[in-house]
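Given next are the chains, with one letter for each unit.
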Amino acid sequence: MILAFHYAAVLSGAWYAFTSWDGVRSPHFVGFSNFREIFQDPVARAALLHSVEITAAFVVISNVIGLALALALHRAVKTRNFLRLAFFAPVVMSPLAVSYIWQFIFQYTGPLNGLLAGIGLGSARNDWLADPTFALWMVLVVLIWQFAGLTMTFYLAGLQGIPDELDEAAAIDGASGWFRLRKLTLPLLAPAMTVSMTFTAILGLRLFDQVIALTGGGPGSTTETLATRVYVDTFVNSRFGYGAALALVLTALVAIVATSQLIVLRQRERRL
Amino acid sequence: MNRSLMRKRPAARRRIVAGLTLSALAVGVLFGAGGASASAKVTITVTDYWAGGHGLAPLIAEFEKKYPNISVQEQYVVPTTYSPNLRTELLAGNAPDVFATNGGTGQGNSVIAIAPDLVNLASAPRAQTAVPTAAHNLYWRGNKLFGLPLGAGVDGIIYNTDLFSQFHLKVPKTFNQLLGLCRTIKADGKVPMAVAGNNATFSFLEPAANTVYGPQPNWNQLRRKNKVTFAGSKGWRQAMSEFQAMAGAGCFQPGATSAGIPQVSSMIATGQAVMWAAPPVAIGAVMAANPNFHAAIYPFPGPTAASTRAIIDYSASVSVNKHSKHVKQATKFAEWLASPAIDRQWAALNGTVSVADNEHAKLPSNLSAFLPFIKAEKTVVLPYLTFTGTVFNDVLPTGLQGVLSGATSGTALLQQMDRGW
């Protein structure tokens, strides 16, 4: 009964993916034609590619930064509690609110361009969110800014579980800091890494709020993601069946990526 | 009742009290289930995006005075989320009794698109005269009427009359004169024409009124029959060139590509920008920020003075929810709102002209530039109202931003418009 309650909405949504429905008149069954359209439509294909690109970059960069922050703040630094709080604070903020603030920062007359002009780099000023070369990466910057603190927390929790004596013993035996990090700390952080990378992969693939607030998917669909296409096609274009099909593709993608990642990383954990 | 029984048998007393209570409840339910009696007050809900967010309070007060048994609760929703909100509410079954709609098929809240959820207003007292002939197919389907138009805006370029006087500027009659005006205003240190890069549709559709719909008023019908295409149409290619020429001539503000409507509205309200290609309801939003703002509108000039057309905007309308619990009262409000005298007040709140005044060419002085075109019948009904597919809501906003940023070429956007039709 719990499973039915949990998945009933998902299953009914999945059924609509095989229909053509404008949300007003009755849906009619169209088989796989929505899915064929997804893989033939250049905008939907581009959205899929952007989702994958931004997720890959987000997973790598946010985990590297999070790990670096965790290692730095795991030491006995006087202000470490304050710093941990400062880095974690953006995680609990509303993604929309964060994105609107960054939109102001990135706009042509905003503080970023003002700063560049102020330090003599006026020629580098740009319409960051409207430049097709930079727009998607500006979204990535906001995403990393907001969630690096989350990955830091995962790694801090992992570091807490590593006995200090191991590191001390290795140091006494003459192992360098870099060696201890590679051969001791990172292997023992494997479980935390599994959780963090899986979580950030799911976050990246589901990306919606930041894109809608920062760029709306533009300029010229260069920042569209699968999640934003689901919203636009369903609620703006009133193509509920097609939107449901996009949502199903997104769900399948998240499930495949998350499961594969878990399997690979768990196997790695066991080897280590 | 036997007093000794009441005293000696508490259980019996409880049963009697319970019975009386239940009887009272049953009577109340019976009366309630039958609907409001003639004298009971009914509250209807209205959702709209009009009057720059200030609402229809003066009109509602007048209505409630005339019909004391009907109370009206209004809710304002920002235009950008209005259509998705309304669609969701209609699907969920909790849509308001009366709501703002658009004529035609081109938008999420267009009456023809959501007709199954709307009351047929064909039996309304003014049904046969409420919709101008030019807008007939925007609101009627066969012998059914799904919305009552409110206001008949004239779309063109809104301009700050104080700044025009200050800098001795003249309304351009041709497109080349418009480009020259941009250069003059820019030299005076102002932004000639503010544009919201993520919503630049009017800056492209207004030139198209001259280059496409002037020569071929039935272009949309031809497109439905696949006899023409956007990419293959000389008129559309010319409209795209004009849009790009305005960008190239410095008509738009720096950073226009990522600008949104609130920023543009602010630039106009504060006098940083002189002109704005937008529907007249935008004046309401600017005046909400700056009550001392003085505006007029002129038709977007064509390649030649003779090719210029005035766009008449019959988009705003009011409709009644078919699933409302108070259809009668809701219909009464909608019909009252669309009546000539009240429509005039509605138009004043929204910076536009009533349907009747437009038909009789009775325009206020700030819209006088349109009079010659209305009298000569050189007018075009707002084109996107009968667009289909995803062209207006999806392809154009992001596509035009792509053209401004260089991510998309004009030709590629026209091809996307064909795919999205």
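Bear in mind the structure is a predicted one, so any value in this text is a computation, not a measurement. (Residues numbered from 1 in each chain as written. Chains lettered and ligands numbered in written order. Predicted model: local features only at pLDDT ≥ 70, side-chain atom pairs only at ≥ 80, totals over all residues. Heavy atoms only, no water.)

This part takes up the interface of chain A and chain B. Listed as interface residues are 28 residues of chain A and, on the opposing side, 25 residues of chain B. Where chain A abuts chain B, roughly 2,000 Å² becomes buried across the two surfaces, and 56% of that area is made up of carbon and sulfur atoms. Along the contact surface separating chain A from chain B lie 1 salt bridge. Measuring nitrogen to oxygen at the nearest pair gives 2.8 Å for the salt bridge that ties arginine 229 of chain A to aspartate 394 of chain B. Our count for the contact surface shared by chain A and chain B stands at 9 residue pairs in polar contact (both at pLDDT 80 or more). The leading source of residues in the side of chain A that touches chain B is helix H12 (residues 226–236) of chain A, at 5 residues. Class assignment of the residues belonging to the side of chain A that touches chain B gives a composition of 13 nonpolar, 10 polar and 5 charged. (Contact = heavy atoms within 4.5 Å. Buried area = accessible area lost by both parts, 1.4 Å probe. Salt bridge = Lys/Arg side-chain N within 4 Å of Asp/Glu carboxyl O. Polar contact = N/O pair within 3.5 Å; in protein donor to acceptor, adjacent residues only side chain to side chain. Helix = DSSP H or I, 4+ residues; strand = E, 2+ residues; numbered from the N terminus. Nonpolar A, V, L, I, M, F, W, Y, C, P; charged D, E, K, R; others polar.)

Before going further, it helps to examine the nonpolar core. Residues Phe204, Trp236, Met275 and Phe387 of chain B are the most contacted members of the largest nonpolar core, which totals 136 residues. It is helix H9 (residues 201–213) of chain B that provides the largest number of residues to this core, a total of 7 residues. Discounting residues that sit within four places of it in the chain, tryptophan 236 of chain B has contacts with Phe204, Leu205, Ala208, Val212, Tyr213, Trp219, Phe230, Phe387, Leu414 and Met417 of chain B. Residues Val98, Leu136, Val139 and Phe147 of chain A belong to the second largest nonpolar core, which totals 23 residues. (Core = buried A, V, L, I, M, F, W, Y, C linked by side-chain atoms within 4.5 Å. Buried < 20%, exposed > 50% of the residue type's maximum accessible area, 1.4 Å probe, protein only.)

The next subject is the state of the cysteines. All names here are of chain B. Scanning all chains against the criterion turns up 1 disulfide over all chains. Covalent S-S linkage joins cysteine 182 and cysteine 251, the inter-sulfur distance amounting to 2.0 Å. Handedness of the cysteine 182-cysteine 251 disulfide follows from its S-S torsion of about 105°: it is right-handed. Here cysteine 182, found in helix H8 (residues 175–187), pairs with cysteine 251, found in the loop between helix H11 (234–248) and helix H12 (261–269); they are 69 residues apart in sequence, far enough to count as distant. (Disulfide = S-S within 2.5 Å.)

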